[in-house]
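Observations on the model geometry
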Amino acid sequence: MHIEHLLRDESLGLRLLWADEPHLRQEISGVTVTDLEDPARFVRTAEVVLTGLVWWTARSGRTKADRFVSALRTAGAAVLLAGEETHGAVPDDLVDACRRHGLPIAAVPAHIMFRAITDTVYLQQWGELSRHHALPENVRVTLSRLLAQDADPAAIVDAAFAHLDGPVAYVLTATGRTVAATAAAADLPTRDAAALITTGTAPPRRNSRNSSGVGLGPGLGRASVTLPVQADTDAVSPYERWYLHVPDPDGAPPRMLHEIAEVLGRCQEIRARSRADEDRAVRELGALLTAPDTDEAVLEAALRVCGLPEEGPYRVVVAEVGSGREDSAQGALTEAAAHVQDTAAAVGRLPDGTAFAVVAGADAVGETLADAWPLLAACDPSDPLHAGIASPAAAPRNLNGALPEARYALTSSRATTPRASRLTDAASLTGLETLLTGVPAEVRAAFGRTVLGPLLDETNASSAALLQTLETFLACDGSWARTAEALHLHVNTVHYRVQRIEHFTGRDLSRLYDRADLWAALLSRESPATNGRRARSSTSRAR
């Protein structure tokens, strides 16, 4: 289908505002509806872009129009269809911007629904498909209409397999979470599903690959088909990718499964793009959480807009990936929150770009996230995924305090296992060693240098002996005899060395507070990742 075909459809009433003749013969790949000021990341090459112009304002119209159209050209959009309902007409600023950037533009009359245009495009595309496609034509038409209506994956799966004799099929995420399944499908344990996807195997049989390139792997004790769903959008992170899993390889022809997987890919793309509106509301919530003295009524309203209850408890989580990709961290939290059943969650990014989530509930949230973290880590083992979770916030007014607590736990997670994924619960930081892992490395190092002073002087031969004596003395709980025995020294030598330590540090080792300062300084000298005892916290999960 070409642009000119769409413009000739009299039922749509589209009015061309500007285009070069060659542009009209460009083939259309699909449709995207957006009102983002910068929609580039959600637009695919050769797509029709529909906008209601909600983003445009007369005050800064030229600048906004230029930025919007430039983003579409960068993404390779085929044509811009601008609705007339919001402003009564398509602004001249937008037409001029399209002319400058060489992007065709047409006006959509106020009485024409955008869905009529998407229906026209997708129905035409299905109609142009070869008659040799495995899916019956009536099924393809139904699936096209469902896509145009933004149907959920459960409806897509039901419609795609309805013409078959009660097949069992699942749509799974990379972490093994079931997104949708046919009516005949039994519950598939998350870890079993994740094993099928990440390794392609599950005892007792190993997977193979058939002539169609579809992975054959054991599913519930027999051969099965697991097919990746290709979603052509950067908004789908490695942690959220879908897979079509059919336990019985004879349940449907491989070609039909490929076609169904393609439809599911379109479904996921549409859902990822529609998430932009939700992201805006969550960003506003994140801004409130970082602002001082946020009015509780305003915060409650923001929670309500995000679909969260106005009463606690809540858990706040922040996350980051080693590569620094903010989208990936947000995708990981989105998938992690989806594992927590029967509760609401809002996932987005804070003003500084850090991915965060607010999850309603308290009792099972931390445990569920901890169980899901190794599954998330397996999705991209080369990119460590770190996160921190705050202790339960009883009410909205406690959320502002929960956020820095979660950030502190994130710092601890990153410092403890920098090259391995880890989720750290702030409630697990119950000792001085674990508490210090949340202090930035630069602050720890500065504290250690300030407190220990000359004892860290590597050019002084006696400094090493004094440092060893201090470590041993504190480890022996201040026992002179046990310290002397451990160091194979006379007790008087230990007394002498301790006096020298007190002289250089200005601390009195008979006082508990001074001992605590020196012990904290010793712990601060190196990264927690180099200390095996500290890295193995029984209350934090690492992968």
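Reading the values: the criteria
Residues numbered from 1 in each chain as written. Predicted model: local features only at pLDDT ≥ 70, side-chain atom pairs only at ≥ 80, totals over all residues. Heavy atoms only, no water. Core = buried A, V, L, I, M, F, W, Y, C linked by side-chain atoms within 4.5 Å. Buried < 20%, exposed > 50% of the residue type's maximum accessible area, 1.4 Å probe, protein only. Helix = DSSP H or I, 4+ residues; strand = E, 2+ residues; numbered from the N terminus. Contact = heavy atoms within 4.5 Å. Axes fitted to C-alpha atoms, helices over the stretch in contact; angles between N-to-C directions. Parallel < 35°, antiparallel > 145°, perpendicular 65-115°, else oblique. Left-handed = near helix turned anticlockwise from the far one by under 90°. Salt bridge = Lys/Arg side-chain N within 4 Å of Asp/Glu carboxyl O. Arc of directions from axis to C-beta. Polar contact = N/O pair within 3.5 Å; in protein donor to acceptor, adjacent residues only side chain to side chain.

The next point concerns the nonpolar core. Formed by 32 residues in total, the largest nonpolar core has its most connected members in Tyr-239, Val-317, Leu-333, Leu-369, Trp-373, Leu-385 and Leu-423. When residues of this core are traced back to their parent elements, those giving at least two are strand E6 (170-173), helix H7 (190-198), strand E12 (314-321), helix H10 (326-338), strand E14 (355-360), helix H11 (365-379) and strand E15 (385-389). Among the elements that make up this core, the one with the highest residue count is H11 (6 residues). Non-local contacts of Val-317, meaning those with residues more than four positions away in its chain, are made with Leu-333, Ala-355, Phe-356, Ala-357, Leu-369, Ala-387, Gly-388 and Ile-389. Formed by 29 residues, the second largest nonpolar core is a distinct cluster that contains Leu-146, Phe-161, Ala-169 and Leu-244.

Their axes nearest at 8 Å, the elements helix H14 (residues 441-452) and helix H18 (residues 512-523) cross at an angle of 130°. Considering their axes alone, H14 and H18 lie oblique with respect to each other. Pair H14 / H18 crosses with left-handed handedness. Between H14 and H18, the residues in contact are Phe-447, Gly-448, Val-451 and Leu-452 and Asp-517, Leu-518, Ala-520, Ala-521 and Leu-522, respectively.

Take the environment of Arg-422 next. The residue Arg-422 is located in strand E16 (residues 422-425) in this model. On the accessibility criterion, Arg-422 (2% relative accessible area) is buried. Taking C-alpha positions, Arg-422 is 8.5 Å from Gly-388, a pair spaced 34 residues apart along the chain.

Turning our eyes to something else, we now look at the pattern of salt bridges. Per the counting criterion, the structure on display carries 22 salt bridges. With its nearest N and O atoms 2.6 Å apart, the salt bridge here joins Glu-320 to Arg-414. Placement of Glu-320 in strand E12 and of Arg-414 in helix H12 (residues 399-416) is noted, with a sequence separation of 94 residues between them. With a relative accessible area of 33%, Arg-414 lands in the partly exposed category. Linked through salt bridges whose partners overlap, the residues forming this network are Glu-37, Lys-64 and Arg-67.

Turning our attention to helix H9 (residues 296-305). Those residues of H9 lying buried are Leu-299, Ala-302 and Leu-303. Taken end-on, H9 shows its buried residues confined to a sector of 100°, consistent with a single buried face. The outward face of H9, more than 90 degrees from its buried face, is lined by the exposed residues Ala-297 and Val-305. Taking the backbone nitrogen of Ala-297 as reference, a side-chain oxygen 3.0 Å away marks Asp-295 as the first, capping residue of H9. The positive-phi residue at the C-terminal boundary of H9 is Gly-307, with phi of around 80°.

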